[in-house]
Amino acid sequence: MEPFVSQIYFGDLLAGADEAGRGPLAGEVVAAAVILDPNRPIAGLADSKKLSKKKREALFVEIQEKAVAYGVASATIEEIDEINILHASMLAMSRAVALLSVAPEHVLIDGNRIPPNLPCPAEAVVKGDARHAAISAASILAKVTRDRDIVQAAKIYPQYGFEKHKGYPTALHLKAIQVHGITPIHRRSFGPVKKILER
């Protein structure tokens, strides 16, 4: 895939932003924003979904050590149900950018939409997590954070198998919902959960 190079911004205060957890039936949607340091390159950055858990965890630490700045934020389950998952993802990304301790001059957003309320110009980059290092770094921080959150939830609701499917609508998860009902961390506006609520 072609690496992405901005034709608008050529400086170093460039943030990449991405989210994790748009598809699951449970849990918050988590986003991250990262400004990488060109003088401290990080080897092996890629779309977080393509990396092994071990590699993601190692890069998670390295990104936090070497980045100029990073921010991780989320949108709650209530917000997801109220404004829908797309808008909640945008909200989480704009929150993550707002948390950067160094103000970015330009933001690259993974996907085809730009969140409102960003503090600077931005570009949407389709498949950006595989095409730009800063977006890859953001995707890794977002995914590792979200996975850790849902594994914690698995300890509270052990019968749902969250540690295995991370809240995605697998056969195991759907069966658990049918048998045990829904939990406070389920997204009530999502089809399979909604169906059970409407019974």
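Structure shown above.
Predicted, not measured: the structure shown is a model, and the values here were computed from it. (Residues numbered from 1 in each chain as written. Predicted model: local features only at pLDDT ≥ 70, side-chain atom pairs only at ≥ 80, totals over all residues. Heavy atoms only, no water.)

Chemist: Just checking my understanding: could you explain the pairing of strand β3 (residues 69–75) for this structure?
Modeler: Successive residues of a regular strand alternate their side chains across the two faces of the sheet. Here β3 shows a clear split, with Ala-69, Gly-71, Ala-73 and Ala-75 buried on one side and none of Tyr-70, Val-72 and Ser-74 buried on the other. Both strand β2 (residues 29–35) and β3 contribute to a ladder of seven bridges, which runs antiparallel. Pairing of Val-30 across the sheet is with Ser-74, part of β3. (Buried < 20%, exposed > 50% of the residue type's maximum accessible area, 1.4 Å probe, protein only. Helix = DSSP H or I, 4+ residues; strand = E, 2+ residues; numbered from the N terminus. Pairing = 2+ DSSP bridges.)

Chemist: Would you mind going over the side chain of Ser-6 with me for this structure?
Modeler: Following the sequence through the fold, Ser-6 ends up in the segment before β1 (14–20). Exposure remark for Ser-6: the relative accessible area of 6% places this residue in the buried category. A polar contact of 3.1 Å, which involves the side chain of Ser-6, links it to the backbone nitrogen of Ile-8. Polar contacts involving the side chain of Ser-6 include one to the side chain of Glu-123, which spans 2.6 Å. (Polar contact = N/O pair within 3.5 Å; in protein donor to acceptor, adjacent residues only side chain to side chain.)

Chemist: Looking at this structure, how should I read the environment of Gly-181?
Modeler: The residue Gly-181 is located in the loop between α6 (171–180) and α7 (191–197) in this model. Separated by 21 residues in the primary sequence, Gly-181 and Tyr-160 have C-alpha atoms spaced 9.8 Å apart. Among residues more than four places away in sequence, those in contact with Gly-181 are Tyr-160 and Ala-176. (Contact = heavy atoms within 4.5 Å.)

Chemist: Would you mind going over the environment of Ala-31 with me for this structure?
Modeler: Examined against the element boundaries, Ala-31 turns out to sit in strand β2. Owing to a relative accessible area of 0%, Ala-31 belongs among the buried residues under this scheme. Excluding its chain neighbours within four sequence positions, the residues that come into contact with Ala-31 are Asp-18, Glu-19, Gly-71, Val-72, Ala-73, Ala-92, Met-93, Ala-96 and Ala-142.

Chemist: Could you clarify how one ought to interpret unusual backbone geometry in this entry?
Modeler: Residues other than glycine predominantly adopt negative phi, and peptide bonds predominantly adopt the trans conformation. A positive phi angle, close to 65 degrees, is found at Asn-117, a residue other than glycine. With respect to the secondary-structure elements, Asn-117 resides in the loop between β4 (106–110) and β5 (122–125).

Chemist: Is there a simple way to explain the pattern of salt bridges in this structure?
Modeler: Opposite charge on two side chains permits them to pair, given that their charged atoms come into close proximity. Following the criterion strictly, the structure yields eleven salt bridges and no others. Among the ionic pairs, Glu-19 bridges to Arg-22, the shortest N-O distance being 3.4 Å. For Glu-19, a relative accessible area of 15% gives the class buried. Residue Arg-22 is classed as partly exposed on the basis of its relative accessible area of 33%. Its salt-bridge partner being Lys-49, residue Asp-47 comes within 3.4 Å of it at the nearest N-O pair. (Salt bridge = Lys/Arg side-chain N within 4 Å of Asp/Glu carboxyl O.)

Chemist: Would you take a moment to explain helix α1 (residues 53–66) for this structure?
Modeler: Along an α-helix, a turn takes 3.6 residues, which lines up residues three or four apart on a common side. The first and last C-alpha atoms of α1 sit 20 Å apart over 14 residues, in line with the 20 Å expected at 1.5 Å per residue. Listed as buried for α1 are Arg-56, Leu-59, Phe-60 and Ile-63. Take α1 and look down its axis: the buried residues cluster within an arc of 115 degrees, on one side only. Pointing more than 90 degrees away from the buried face of α1 are the exposed residues Lys-54 and Glu-65. Against the buried residues of α1 lie β2 and α4 (133–156). (Expected span 1.5 Å × (residues − 1). Arc of directions from axis to C-beta.)

Chemist: Explain the pairing of β5 to me, please; I cannot follow it from the model alone.
Modeler: Here β5 shows one buried face, formed by Glu-123 and Val-125, and one open face, formed by Ala-122 and Ala-124. Relative to β5, β4 is paired through four bridges, and the arrangement is parallel. Among the inter-strand pairings, Ile-109 is bridged to a residue of β5, identified as Ala-124.

Chemist: What is the right way to look at the nonpolar core in this model?
Modeler: As a rule of thumb, soluble globular proteins bury nonpolar side chains together. Counting residues in hydrophobic clusters, the biggest one holds 27 residues, and the most contacted among them are Ala-17, Val-29, Val-97, Leu-100 and Val-107. Mapped by element, the contributors of at least two residues to this core are β1, β2, β3, α3 (85–98), β4 and α7. Per element, the largest residue contribution to this core is seven residues, and it comes from α3. If we skip the residues at most four places from it in the chain, Leu-100 touches Ala-15, Ala-33, Val-34, Ile-35, Ala-69, Tyr-70 and Gly-71. (Core = buried A, V, L, I, M, F, W, Y, C linked by side-chain atoms within 4.5 Å.)

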